[in-house]
Every structure is written in structure tokens, then in C-alpha cells.
Amino acid sequence: MTKMEKATHFSRISRRSLLKAGGALVVSLGAPVALDTVLGIGDAFAQGTKPPLTPDQLSSYIAINADGTVSAFFGKMDMGQGLFVAIGQMVAEELDVPFKAATVIMGDTATSVNQGGASGSTGIQMGGKQMRMAAAEARRVLVDMAAAKLGLPADALAVTDGVVHAKGDETKKASYAELIGGRYFNVELDWNKQIGNLLYAPGKAKPKEAKHYKIVGKPIAREDIAPKVYAQEDFCTDVKLPGMVHGRMIRPAVAGSVPVKVDENSIKDIPGAKVVWEKGFLGVVADKEWGAIKAAEKLKVEWSDAKPPFPDQAALYDHIRSAQVRKREIGGREVGNVDDAFKTAARVVEAEYEWPFQSHACMGPACAMAEVKDG
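Residues numbered from 1 in each chain as written. Predicted model: local features only at pLDDT ≥ 70, side-chain atom pairs only at ≥ 80, totals over all residues. Heavy atoms only, no water.

Undergrad: I'm lost on unusual backbone geometry in this one. Help?
TA: Most peptide bonds take the trans form, and the phi angle of most residues other than glycine is negative. Phi at D96 takes a positive value of approximately 60°, unusual for a residue other than glycine. Structurally, D96 is set in the loop between α3 (83-95) and β4 (102-106). Judged by relative accessible area, D96 falls into the buried class, the value being 14%. Unlike most non-glycine residues, K279 shows phi in positive territory, near 55°. For K279, the location among the structural elements is in the loop between β11 (274-278) and β12 (281-286). Exposure remark for K279: the relative accessible area of 72% places this residue in the exposed category. (Helix = DSSP H or I, 4+ residues; strand = E, 2+ residues; numbered from the N terminus. Buried < 20%, exposed > 50% of the residue type's maximum accessible area, 1.4 Å probe, protein only.)

Undergrad: I'm lost on the pattern of salt bridges in this one. Help?
TA: If the charged atoms of two oppositely charged side chains come close together, the side chains can form a pair. This structure, assessed with the given rule, holds 17 salt bridges. As a salt-bridge pair, E352 and R321 come within 2.7 Å of each other at their nearest N and O atoms. Taken as a pair, E352 in the segment after α9 (338-344) and R321 in helix α8 (residues 316-322) lie far apart in primary sequence, 31 residues in all. Within this structure, E93, D96, R139 and K208 form a network of salt bridges that share partners. (Salt bridge = Lys/Arg side-chain N within 4 Å of Asp/Glu carboxyl O.)

Undergrad: Please clarify how the nonpolar core should be interpreted in this entry.
TA: General note: in soluble globular proteins, nonpolar side chains tend to be found buried as a group. Counting 48 residues, the largest nonpolar core has Y61, I62, V91, L95, L142 and F185 as the members making the most contacts within it. Looking at this core element by element, the count peaks at ten residues for helix α4 (residues 122-150). Aside from chain neighbours lying at most four places away, what touches Y61 is P55, S71, A72, F73, V113, Q115, Q130, M131, A134, L189, L199 and A201. Of all hydrophobic cores here, the second largest spans twelve residues; its members include I267, A273, A292 and A295. (Core = buried A, V, L, I, M, F, W, Y, C linked by side-chain atoms within 4.5 Å. Contact = heavy atoms within 4.5 Å.)

Undergrad: Any chance you could explain helix α7 (residues 289-298) here in plain terms?
TA: In an α-helix, one turn spans 3.6 residues, which is why side chains three or four residues apart end up on the same side. Every buried residue of α7 is accounted for by G291, A292 and A295. Buried residues in α7, looked at end-on, bunch into an arc of 100°, giving them a common side. For α7, exposure combined with an orientation more than 90 degrees from the buried face picks out W290 and E297. Contacts from the buried residues of α7 go to β9 (246-249) and β12. (Arc of directions from axis to C-beta.)

Undergrad: Would you mind showing me how to read α3 here?
TA: Over its 13 residues, α3 runs 18 Å from end to end, which matches the ideal 18 Å to within 8%, given 1.5 Å per residue. A large share of α3 lies buried, amounting to eleven of its 13 residues. Where the residues of α3 are buried, they touch β2 (62-64), β3 (70-74), β4, α4, β5 (157-160) and α5 (176-180). (Expected span 1.5 Å × (residues − 1).)

Encoded structure:
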């Protein structure tokens with residue numbers, strides 16, 4: 001887990017909902033402006049009062065800071081695959097700001113919506129897709145805001161390093177910081193009502209074509225590697241909070257088994273040790289991490305009788321061969337035909353291979369920091 005930035009949240013009634021309930025709003029700005037742009041100008045939330053996190057709001061993904069830099073709130077974790085750089089490149093590219101001006105903030109449920117697991121393979125494919133669309137939408141809204149401010153049509157404007165200017169006269173300009181710096185967007189996205197890896201909430205903007213890329217695809221050094229190599233990075237286990245306790249989950253020997261009897265007295269000699277039992281979930285907490293480890297080992301638990309839901313290791317390959325085929329077609333270009341090739345082949349070589357079934361999981365125990373306050 002890398003260092004994270006935190007934001008303070010306060011609930012607030014949205015003027016967007018007030019406008020929808022109360023009727024029309026007429027604003028004279030000297031140029032035709034869409035409703036979402038009016039709301040973006042007149043109802044940008046002040047920095048530090050970020051609106052509630054919902055997947056259908058642009059503010060849940062992108063913010064322009066008071067100095068014009070960009071904060072990208074990414075609802076996944078970088079587990080070493082370089083998402084900080086990759087997502088930063090995508091966001092900076094679509095917003096037309098320097099790569100160094102974009103900061104990716106992830107790993108904190110207080111600042112980002114749930115975009116799924118760490119997901120090395122889907123971090124870019126799915127999570128990056130959403131951040132790209134959000135950044136493109138933010139740029140569209142900012143250009144519209146500049147058009148209203150400068151009295152020019154949006155298609156007569158260009159963006160260079162976070163400054164919107166007239167294509168033929170760069171003295172006519174407005175920076176992102178001037179337009180909305182230090183406030184949050186109040187623009188609704190077209191959310192597909194999915195949470196996790198499948199979450200997708202595009203706006204009206206179309207992202208750039210690859211031929212126009214200036215940042216994406218460039219080799220940018222990963223600044224997160226050296227602190228990891230030299231043990232200078234803060235990991236989850238380095239975080240300390242007042243009154244913090246440490247916990248361990250207790251798992252059954254057979255998947256599907258649940259605790260039916262727990263002897264809490266079996267860990268009473270461990271300082272601060274307590275049992276957390278909620279239906280099928282069982283865990284222990286203690287004042288110190290070593291206490292939690294010892295409590296997890298010593299806790300006496302009676303588990304329900306459950307039939308193993310998985311086949312024996314020795315019968316695993318037969319189980320896979322007889323299992324129902326689950327097919328997923330990616331689509332795209334098809335070249336050739338396998339069946340026809342076999343029919344006309346001079347020689348066909350057949351072989352069957354088996355390899356160990358192994359978990360695609362962490363080498364060490366997963367951990368997380370949870371801070372619960374104000375309900």
C-alpha cells in the first residue's frame with residue numbers, strides 16, 4: 001500500500017437537485033452554454049467539501065486543485081503493476097496537462113468509488129477506461145466554461161498545459177485554475193449502474209484518437225519503485241492511529257463450514273483480545289498484532305459439519321474435463337479455420353498436458369486499514 005492523500009467530507013444538499021425540483025435557471029453568459037456547464041460554473045463544490053461519492057458524478061473521479069493541478073480519484077489499488085504512472089498518463093493526456101500535474105489518489109474508500117479489486121489485468125482495461133472517459137469529460141466541461149468566459153465558441157478553443165486559449169490568439173485564455181480551481185465539478189455522468197470492475201460512467205465527451213497522443217505510450221520512469229526498494233515507503237502495516245486494534249480472521253478447515261460454538265475464555269489471557277462473531281464471519285482483535293496472531297491460534301471453535309465443495313486434488317483434472325464448458329467470446333478479427341487446417345494437414349500431432357492448479361493470490365497475507373467514524 002502506498003502513501004495516500006485524504007479528503008475531509010461533509011454532506012450537502014446539491015443545488016443540482018434543487019434546480020431540478022424548483023424549475024428553470026436562466027443565466028446570460030454571452031454564449032450558448034449547456035445546463036451541465038452552468039452547473040459546473042455556478043455550483044462547483046468548494047475544495048474540502050467534496051460532494052458525496054457516487055459513480056454518476058464527475059467529481060468522484062476528477063478534481064482541479066487551486067493551483068491548476070489535477071487530482072484523479074482511482075477506485076483500485078496499485079499492487080506493483082505501475083497503475084500510478086499509467087492512470088496518470090491517461091488522465092493527463094485527456095485533460096491536456098503535463099504528466100507531473102496529475103496526481104493519482106487510490107487505496108482510500110473516503111476519496112474514490114468502488115472500481116473493483118487491485119486487478120492487475122483489469123486495472124487499465126476497465127479502471128483505466130473509466131478514468132480516461134472522466135478526464136475527457138472534465139476537459140469538455142472546462143472548455144465550455146472557458147467558452148462562456150471568453151465569449152467564444154468551444155470549437156474555436158484549444159488547450160495547452162491546462163490553459164484554454166483561442167486557436168488564433170493565445171492572449172485570449174483562461175486556465176483550469178481560473179475556471180474551477182479549488183472547487184469540484186457538479187456534472188452528471190451516464191453510469192451503467194454497475195459497481196466494481198464493470199463500472200462505467202462516461203460523459204458526453206469523446207476521448208482522443210491515438211494518433212493525437214502526446215503522453216500515453218511514452219516511457220515514463222516509475223517514482224514508486226525506489227522507495228519500495230530502499231524501504232522508504234509507508235505500507236499498511238506502518239500506519240498507526242490512536243486506539244487502533246489489530247485483527248485476524250479465523251477460517252474453517254472446510255469451505256462452507258460456519259462457527260456454531262466459540263469459547264471466548266480460551267483467549268482471556270491475551271491483553272485486549274476480543275472475539276468478533278457475526279453470522280458466518282469470525283475474527284479476533286487485540287491491542288497488539290502479536291496478540292491477535294496468538295488469539296487466532298488459541299481460540300477454540302466448533303465448526304458446523306460441511307461437505308467439502310471442491311473435488312479432491314487427485315480427481316481435479318477429471319473434474320475439469322467433465323465440467324460444463326464456459327465460453328466467452330472477445331470478438332474481433334478471425335483469421336483461418338482450425339478445423340479446416342486439421343483436415344488438410346500433412347501430419348497432426350496430439351498431446352495432452354496437465355499442470356498444478358494454483359491460487360492466483362498474494363504471497364503474503366492481505367491487510368487493510370479501516371477507520372470508522374461518524375457512523
